[in-house]
4 protein chains.
Amino acid sequence: MTQSAEMLETYPADLGQIDRDKLARCIDECFTCAQTCTACADACLSEDMVAELTKCVRTDLDCADLCATTGNVLSRHTGYDANLTKVLLEACELACKACGDECARHAEQHEHCRICAETCRRCEQACRDLRSSLG
Amino acid sequence: MTQSAEMLETYPADLGQIDRDKLARCIDECFTCAQTCTACADACLSEDMVAELTKCVRTDLDCADLCATTGNVLSRHTGYDANLTKVLLEACELACKACGDECARHAEQHEHCRICAETCRRCEQACRDLRSSLG
Amino acid sequence: MTQSAEMLETYPADLGQIDRDKLARCIDECFTCAQTCTACADACLSEDMVAELTKCVRTDLDCADLCATTGNVLSRHTGYDANLTKVLLEACELACKACGDECARHAEQHEHCRICAETCRRCEQACRDLRSSLG
Amino acid sequence: MTQSAEMLETYPADLGQIDRDKLARCIDECFTCAQTCTACADACLSEDMVAELTKCVRTDLDCADLCATTGNVLSRHTGYDANLTKVLLEACELACKACGDECARHAEQHEHCRICAETCRRCEQACRDLRSSLG
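Residues numbered from 1 in each chain as written. Chains lettered and ligands numbered in written order. Predicted model: local features only at pLDDT ≥ 70, side-chain atom pairs only at ≥ 80, totals over all residues. Heavy atoms only, no water.

Caption draft 1: Summary view of the interface of chain C and chain D. Counting residues at the interface gives 25 residues for chain C, matched by 25 residues for chain D. Of the roughly 2200 Å² buried at the junction of chain C and chain D (both faces included), carbon and sulfur atoms supply 62%. Contact with chain D buries surface across chain C, with Arg58, Arg76 and Leu84 of chain C losing the most and accounting together for 29% of the total. Taken together, the links from chain C to chain D amount to four salt bridges. Arg76 of chain D serves as the salt-bridge partner of Asp62 of chain C, at 2.7 Å between the closest nitrogen and oxygen. On the surface where chain C and chain D come into contact, there are 15 residue pairs in polar contact (both at pLDDT 80 or more). Elements with a minimum of two residues in the side of chain C that touches chain D: helix 3 (54-74) and helix 4 (82-104) of chain C. Top contributing element to the side of chain C that touches chain D by residue count: helix 3 of chain C, with ten residues. Per-class residue counts for the side of chain C that touches chain D are eleven nonpolar, seven polar and seven charged. (Contact = heavy atoms within 4.5 Å. Buried area = accessible area lost by both parts, 1.4 Å probe. Salt bridge = Lys/Arg side-chain N within 4 Å of Asp/Glu carboxyl O. Polar contact = N/O pair within 3.5 Å; in protein donor to acceptor, adjacent residues only side chain to side chain. Helix = DSSP H or I, 4+ residues; strand = E, 2+ residues; numbered from the N terminus. Nonpolar A, V, L, I, M, F, W, Y, C, P; charged D, E, K, R; others polar.)

Caption draft 2: Representation of helix 1 (residues 3-10) of chain C within the structure. Of all eight residues that make up helix 1 of chain C, six are buried, and the element is covered over most of its length. Listed as buried for helix 1 of chain C are Gln3, Ser4, Ala5, Met7, Leu8 and Thr10 of chain C. Elements that come into contact with the buried residues of helix 1 of chain C comprise helix 2 (20-45) and helix 5 (111-133) of chain B together with helix 2 (20-45) of chain C. (Buried < 20%, exposed > 50% of the residue type's maximum accessible area, 1.4 Å probe, protein only.)

Caption draft 3: Main features of the interface of chain D and chain A. Taken residue by residue, the interface counts 32 residues in chain D and 32 residues in chain A. Together, the buried faces of chain D and chain A total about 2700 Å²; carbon and sulfur atoms form 62% of this surface. When residues of chain D are sorted by the area they lose upon contact with chain A, Gln3, Met7 and Gln35 of chain D head the list and together hold 23% of the total. The tally of links from chain D across to chain A stands at zero salt bridges. Counting across the chain D and chain A interface gives 18 residue pairs in polar contact (both at pLDDT 80 or more). Among the secondary structure elements, those contributing two or more residues to the side of chain D that touches chain A are helix 1 (3-10), helix 2 (20-45) and helix 5 (111-133) of chain D. Among the elements that take part in the side of chain D that touches chain A, helix 2 of chain D stands out by supplying twelve residues, more than any other. Looking at the side of chain D that touches chain A residue by residue, the classes come out as twelve nonpolar, 14 polar and six charged.

Structure, rendered in structure tokens:
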């Protein structure tokens, strides 16, 4: 059990019908993806071919912002708003898809892009799995 | 002309078909709304009746996060992604609507909620106006 | 009176001895600087000479993060912690100084760096003025 | 090896004299602490005795902001600024200390505060260890 899952157990009110495993998984992937995208953007800046990686930096920065915000919103349960959660998850999936696609184009040349692409795919899937379970 | 509008003028590449006035307006409202929601959440914590304001604090925190992220994404133009922008604007509108509705319920008792409700309405409208213009 | 100053007026408890004008000014400069640095980082990515601007992008990103966090912490007054506030302001001043210095080196070539350098200088000064007033 | 440590291995330029284990550890603790503090603030809002937990919510929010920003800055290595890093780590330690102390006061009553206090202590120590190693 990860720490975000432990924290879910301590929530003093009703968490509702939400699938706790999918929720904890999605929170963890969001925070991991935020860190990885921040690091990938910076690694791109130190590549000799940075001029060919500017779109990659931008998708990294957007994805880091979206994942951080999604991770925060999913960590709150008081006054839960299913509609906002679902549209935010959709936006996060789009950011992960864009960043994963862009990083995948450089995955063979840059190890940071390879890891980042895989992380974005996992986060996108975790968001989609959670969103599907919300009905 | 606000500073965010000035910065748009300095962007060295093509901004595309985007309506610059609506874009600058939306960026400004997002940053103002982020600050106001952060301050409103804290003011709620210092009210005697804080126990009746917990949902308000939560919607404030979500709205602050969404507005900060939306303001950041809208401040980037390199590798622009219309689809992500539109879904993120929609999520931001939902967060502003939820927070504006919740704050409006306390607007007569708490001046911070009155100002915050108005700010959320303006930000929601600015997001919608920009989103409509994106086609 | 800016909106952050208006929000200070609505705070329901005692704000203490803090200089409200310097506080509101500092909050405003932090949010403006966060937006400007985010936009400057992106504008740098679209310059032909991006390879010479990578340090500038990095200082922009750090400064945007520091200013956003400082603006948030300064927007909270419940359980005020003078010591944390002062060290955080010092960190924000360092980030603004580093970004202002770096952008100033490109101010004649890039209008976004010129505006960003000036904004960082103003924010650095507003942080220092507030910090001095905290005793 | 955690993913942040893996990302350090992929950085294409020189990381300098920095202790990679301490750096990766600190990044991980910052992101974990940011998530935990966000969840703890929300759990406090759902406690019956929320009126006695308002200072705890505030220290949680500050600590979440500081940890997120510190985690981001530590994830960047291009144009490394030792002075900023050290002062930011010091600010993060203060935020973790304040939040850890406040949560520790409620640790016996609230499991979320117990976990959060421990997490803040670990993050504070990881920041201090890294800062000491920076010379």
